[in-house]
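Per-entry structural report
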Amino acid sequence: MSLFRTKNLDDMIANSRKPGGLAKVLGPFDLILMGIGAIVGTGIFVLTGTGAVTAGPALTLSFVVAAIACGFAALCYAEFASTVPVAGSIYTYTYATLGELAAWMIGWDLLLEYGLATSAVSVGWSGYFQSLISGFGINLPVELTAAPGAIPGVHTLINLPALCIMLVLTAMLSWGVRESARLNNIMVAIKVGVVLLFIFVGARHVEPANWKPFMPFGYNGMLSAAALVFFAFIGFDAVTSAAEEVKRPERDLPIGIIGSLAACTVLYVVVSAIMTGIVPYQQYLGVDHPVSLALKHAGENWFAGFVDLGAILGMTTVILVMAYGQTRIIFAMSRDGLLPKALSTVHPRFHTPFLATWMVGIVFGLIAAVVPLNVLTELINIGTLAAFSLVSIAVVIMRKKRPDLKRAFRCPGVPVIPALAVIFCVMLMTYLSWFTWVAFAVWLVLGLGIYFGYARSRSQLNKA
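Calculation rules
Residues numbered from 1 in each chain as written. Predicted model: local features only at pLDDT ≥ 70, side-chain atom pairs only at ≥ 80, totals over all residues. Heavy atoms only, no water. Helix = DSSP H or I, 4+ residues; strand = E, 2+ residues; numbered from the N terminus. Buried < 20%, exposed > 50% of the residue type's maximum accessible area, 1.4 Å probe, protein only. Contact = heavy atoms within 4.5 Å. Areas by Shrake-Rupley, 256 points an atom, 1.4 Å probe, with all protein chains shown as cover. Salt bridge = Lys/Arg side-chain N within 4 Å of Asp/Glu carboxyl O. 1 Å grid on protein atoms, 1.4 Å probe; cavity = no way out; pocket = protein on both sides within 12 Å on 5 of 7 lines; lining within 4 Å. Points joined across faces, edges and corners; volume = space filled by probe spheres on them. Nonpolar A, V, L, I, M, F, W, Y, C, P; charged D, E, K, R; others polar. Phe/Tyr/Trp six-rings, centres within 6.5 Å; stacked < 30°, edge-to-face > 60°. Axes fitted to C-alpha atoms, helices over the stretch in contact; angles between N-to-C directions. Parallel < 35°, antiparallel > 145°, perpendicular 65-115°, else oblique. Left-handed = near helix turned anticlockwise from the far one by under 90°. pLDDT = per-residue confidence, 0-100. Patch = residues over 30% accessible without salt bridge, like charges linked within 9 Å, V, L, I, M, F, W, Y side chains within 5 Å. Disulfide = S-S within 2.5 Å. Expected span 1.5 Å × (residues − 1). Core = buried A, V, L, I, M, F, W, Y, C linked by side-chain atoms within 4.5 Å.

When you go through the chain residue by residue, the secondary structure sums to 18 helices and zero strands. For the chain, buried positions account for 58% of its 464 residues. Of all intrachain contacts in the chain linking residues separated by at least 6 positions in sequence, the fraction that spans at least 24 positions is 83%. By element, 70% of the accessible surface of the chain is carried by carbon and sulfur atoms, the whole surface being about 17400 Å².

All right, on to the pattern of salt bridges then. Going through the model one piece at a time under the given rule, you end up with four salt bridges. Salt bridges here are not isolated pairs; linked through shared partners, they connect Glu79, Arg399 and Arg407.

Of note, the bond from lysine 212 into proline 213 is cis; its omega dihedral lies within 30 degrees of zero at -5°. Within the fold, proline 213 resides in the loop between helix H8 (177-202) and helix H9 (218-229). That bond from valine 414 to proline 415 is cis: its omega, 10°, falls within 30 degrees of zero. Here proline 415 shows up in the loop between helix H15 (380-401) and helix H16 (416-429).

A few words now on empty space enclosed by the protein. Overall, the coordinates contain four cavities of 30 Å³ or more when judged by the stated rule. Taken together, 12 residues make up the lining of the largest cavity; nearest its centre are Ala38, Ile39, Phe231, Ile234 and Val318. Of all the elements in the fold, those that place two or more residues in the lining of the largest cavity are helix H2 (28-39), helix H3 (42-55), helix H6 (100-134) and helix H12 (304-335). Grouping the amino acids of the lining of the largest cavity by side-chain chemistry returns nine nonpolar, three polar and no charged.

A few words on helix H5 (residues 90-97). Of all eight residues in H5, eight are buried, a share of seventy percent or more. Positive phi appears at glycine 99, one or two residues downstream of H5, with a value of about 105°.

With that out of the way, let us pick up the packing of aromatic side chains. If you walk through the whole model with that rule in mind, you get 14 aromatic pairs. For the pair phenylalanine 72 and phenylalanine 424, a centre-to-centre distance of 5.7 Å together with 65° between the ring planes defines the contact as edge-to-face. Residue phenylalanine 72 is located in helix H4 (residues 59-83), and its partner phenylalanine 424 is located in helix H16; the two are separated by 352 residues in the primary sequence. Residue classification places phenylalanine 72 among the buried positions, given a relative accessible area of 17%. For the ring pair tryptophan 104 and tyrosine 451, a centre distance of 6.1 Å and an interplane angle of 40° mean the geometry is tilted. Separated by 347 residues along the polypeptide, tryptophan 104 in helix H6 and tyrosine 451 in helix H17 (residues 434-458) bring together distant segments of the chain.

This part covers the packing of H6 against helix H13 (residues 354-370). As a packed pair, H6 and H13 sit with axes 8 Å apart at the nearest point and diverge in direction by 50°. Considering the angle they form, H6 stands oblique to H13. The two elements H6 and H13 cross, and the hand of that crossing is right-handed. Along its contact with H6, which presents Leu111, Gly115, Leu116, Thr118, Ser119, Ser122 and Val123, the element H13 presents Phe364, Ile367 and Ala368. A class-by-class count of the residues in the contact of H6 with H13 yields six nonpolar, four polar and no charged.

Relative to the helices and strands, proline 216 is located in the loop between H8 and H9. Remark: the alpha-carbon pair of proline 216 and tyrosine 281, spanning 65 residues in sequence, is separated by 10.0 Å. Apart from residues no more than four positions distant in its own chain, proline 216 is found in contact with Ala55, Gly56, Pro57 and Tyr281.

This part covers the confidence of the model for the chain. Summarising the model, the chain shows a mean pLDDT of 82, and 88% of its residues fall at 70 or more. Element-level pLDDT for the chain is lowest in helix H1 (residues 9-16), with a mean of 62, against a maximum mean of 91 in H16.

What follows covers a nonpolar patch on the surface. A contiguous nonpolar surface patch, about 460 Å² in accessible area, is contributed by Trp434, Phe435, Val438 and Val442. Mapping valine 442 onto the fold places it in helix H17.

Here the focus is the state of the cysteines. Put plainly, a disulfide is one covalent bond tying together the sulfur atoms of two cysteines. Applying the stated criterion to the full structure yields zero disulfides. Sulfur of cysteine 76: no disulfide; nearest cysteine sulfur belongs to cysteine 411 and is 4.1 Å away.

Over its 25 residues, H4 runs 36 Å from end to end, which matches the ideal 36 Å to within 8%, given 1.5 Å per residue. Judged by how many residues are buried, H4 sits mostly within the fold: 21 of 25 residues are covered.

Right, let's talk about the environment of cysteine 70 for a bit. Note on placement: cysteine 70 falls in helix H4. Given a relative accessible area of 0%, cysteine 70 falls into the buried group. The spatial distance from the C-alpha of cysteine 70 to the C-alpha of phenylalanine 230 is 8.4 Å, given a sequence separation of 160 residues. With residues up to four places along the chain from it excluded, the contact list for cysteine 70 reads Phe230, Phe233, Phe236, Leu261 and Phe388.

Counting residues in each nonpolar core, the largest one holds 144 residues, and the members touching the most others are Ile90, Trp104, Phe198 and Phe236. The element that contributes the greatest number of residues to this core is H6, accounting for 17 residues. Sequence-distant contacts of phenylalanine 236, defined by excluding residues within four places in its chain, comprise Ile39, Cys70, Ala74, Tyr77, Ile257, Ser260, Leu261 and Phe388.

Take a look at the structure:
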C-alpha cells in the first residue's frame, strides 16, 4: 500500500535537479533576509502588545521560550533541508520518512497554516496602511475598509486593501523568485532599520520601575504568552521551501534558517523589554499598534509615521515569503500526484509555478477581504507546532533508516534535541484554547476525506 510507503530519497534529489525545473538563484544572504522577512512583522508590531497584557514584563521570557522551541526545531529543519534540497519543506521530509499518508496530512496542515497566515497578515497590513494614509487626509469609504462584522456596529462589505496587497504580491511572485527576493531584501533592510531606530530612541525613555513586578501572572501567564507569540516566529521554516532554488543548499540553507531565527529572537527580546519599560503593561490592553503607543507615551510623536511605514513593510515581506512557501508546498504535492497536475506546471519564461501562485493569491486574498482577523488567527499556531513536532521526529527516523546518507549539516545531540523540540512544542500546544483544538481536528478530518477520495488513487507512488 502507498499509504505508509516512503519515497526514495535519491530519486527525489535527482528529479529536483532535472533541466526545466525551478531556477537556482538564491544565496545565503537572500535566505537570511527571506527568513527575517517572514518573521519580523505582525509579531513585533502587533503581538507584543497582546503578549505584554498576558505576561507583563516577563514577555521577554515568553519570546525566549518560544525561540527555544523554534531553535530545537530549526536544527532539525537544517539537517533535512541541507540533505534533501527539494521543494516542499516538511511535506517532502515526511514523505521520505513516515510515508504518504503522514506527508499528505502535514501538507494539508501547512496549506492551512501558510494560507491563513498570509490572509491574517494582509488584514493587519490593511489596518496600518489605512492609518498611514489617514495622516495625509486620505480616508477610504468605510464599506471598503474591513470584512463584514469585523467592526461592531459598523456596516462594512470588504477589506479592499487586504485583497489588493495579496494580488500585487502574487504578481511579484509569479514573475520570478529572483525579483521577489530583491524586493524582499530592500523591504527587510528598511523595516529592520526602523526597528533598530525604535530601540535607539526608546531605550532613552525606559523606566525600570515599570518592570516590577516582572512576572505578575506567574509562569502560567508567561507560558500562555509564549504560546501566543509563537506566531511571531512562524516563517523561518518557509526558508526550507526554497531548497530547489538555492545555489548551494547544503551550506546556505542551515545558514539561512538558523541565522534568521537568531537575529529575530534578539530583536524581539530587546523591543519587548523597551516597550514594557516605557509603558506599564496594563496600558497595552486592546492596543493593535503597541510600538507606536510606546513612542507616543515617550513624547516621540515625530517617529510614529516611521513606525507605521516599518509595520507596513514588515507585514508586506511576511505575506510575500509565506505565500512563496505555500506555493512551493503545493508545487511539491502536485508533482507527487496528490493535487492536480496543473499546479506543478512551471512557466517557461518566469520559471515559477504560475497557476499555483495565482490560485494562492486569489483564494487567500478573498479570505482576507471577507473574514475578520480574529477568526483567521485561531488555527495558525497549532498547525505550526504540529509541523515542528513532526519534522523533529522525522530526523530521528531518518538517522535510523538511512545512516549512510550524506548530511552536509547534522543536528547535534540526536535524539535529545529532537525530543526537546517535541516536548516544547507540545507544551505550548496545551496552552491553546479548546476551540482551536476542535477546529484543527475538523480540518484534519476534512483532509483525510480528500486524501482517500481523490489524492490516494492519483498518487505517483501508488501508480508506481
